[in-house]
Amino acid sequence: MSISGSMRGGRNRKFKSEINVVPYIDVMLVLLIIFMAAAPMQPPSEIELPNAARSTQPPSEYIRVDLKPDASAILTINGRKDGSVPKENAGNRSEMAQKLRALHADNPELPVMIAADKEIKYDEVIQAISEAKKVGIDRVGLATR
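Note that the structure is predicted; figures quoted are calculated from it, not measured. (Residues numbered from 1 in each chain as written. Predicted model: local features only at pLDDT ≥ 70, side-chain atom pairs only at ≥ 80, totals over all residues. Heavy atoms only, no water.)

Caption draft 1: Spatial organisation of the sheet that holds strand β1 (residues 62-67). Taken together, 5 strands build an open sheet; the order of strands is β3-β2-β1-β4-β5 and the sheet is mixed. For this open sheet the edge positions go to β3 (87-90) and β5 (140-142), each flanked by a neighbour on one side alone. Here the strands of the sheet are splayed against their neighbours by 20 degrees on average, with no regard to which way each runs. As paired strands, strand β2 (residues 73-78) and β3 are joined by 4 bridges and run antiparallel to one another. Residue pairing for β3: Ile 74 is matched across the bridge by Asn 89. Helix α4 (residues 122-135) contacts β1, β4 (112-116) and β5 of the sheet and is inclined by roughly 160 degrees relative to β5. (Pairing = 2+ DSSP bridges. Helix = DSSP H or I, 4+ residues; strand = E, 2+ residues; numbered from the N terminus. Axes fitted to C-alpha atoms, helices over the stretch in contact; angles between N-to-C directions. Contact = heavy atoms within 4.5 Å.)

Caption draft 2: Inspection of the confidence of the model for the chain at higher detail. Averaged over all residues, the pLDDT of the chain is 79; the fraction at 70 or higher stands at 77%. At the level of individual helices and strands, the chain shows its lowest average pLDDT in helix α1 (residues 3-9), which scores 53, and its highest in helix α2 (residues 22-38), which scores 92. (pLDDT = per-residue confidence, 0-100.)

Right under this line is the structure:
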């Protein structure tokens with residue numbers, strides 16, 4: 001009897017082309033249970049902000065930039081020995097940058113203190129700091145209560 005003859009007499013066998021997914025489902029269920037149990041144990045993502053102490057020696061004379069929510073700004077030079085407080089009003093941020101550049105040209109040694117209303121977006125404060133750095137002011141601080 002030949003090999004082909006024995007196959008004809010026996011049952012026709014076909015190979016299964018399916019994947020048995022039951023073990024994969026078991027593994028996924030075990031992982032799901034592990035992650036569900038481990039998730040509440042992790043603390044929620046909190047931002048740890050650094051503490052800011054007051055400067056030991058605040059500058060005696062500085063350029064103060066008051067940022068308002070309506071995109072205007074007031075630039076003043078505080079702490080002058082003669083008591084004068086020159087005030088510059090800026091209607092928008094580009095005008096503020098020009099006036100800051102002019103004040104820095106007149107008083108290159110003065111640092112800048114930025115005071116912003118609490119309703120202002122954080123991006124606007126960062127843009128004001130960036131403008132001060134572009135002008136060439138190395139010392140830029142933020143005013144707080």
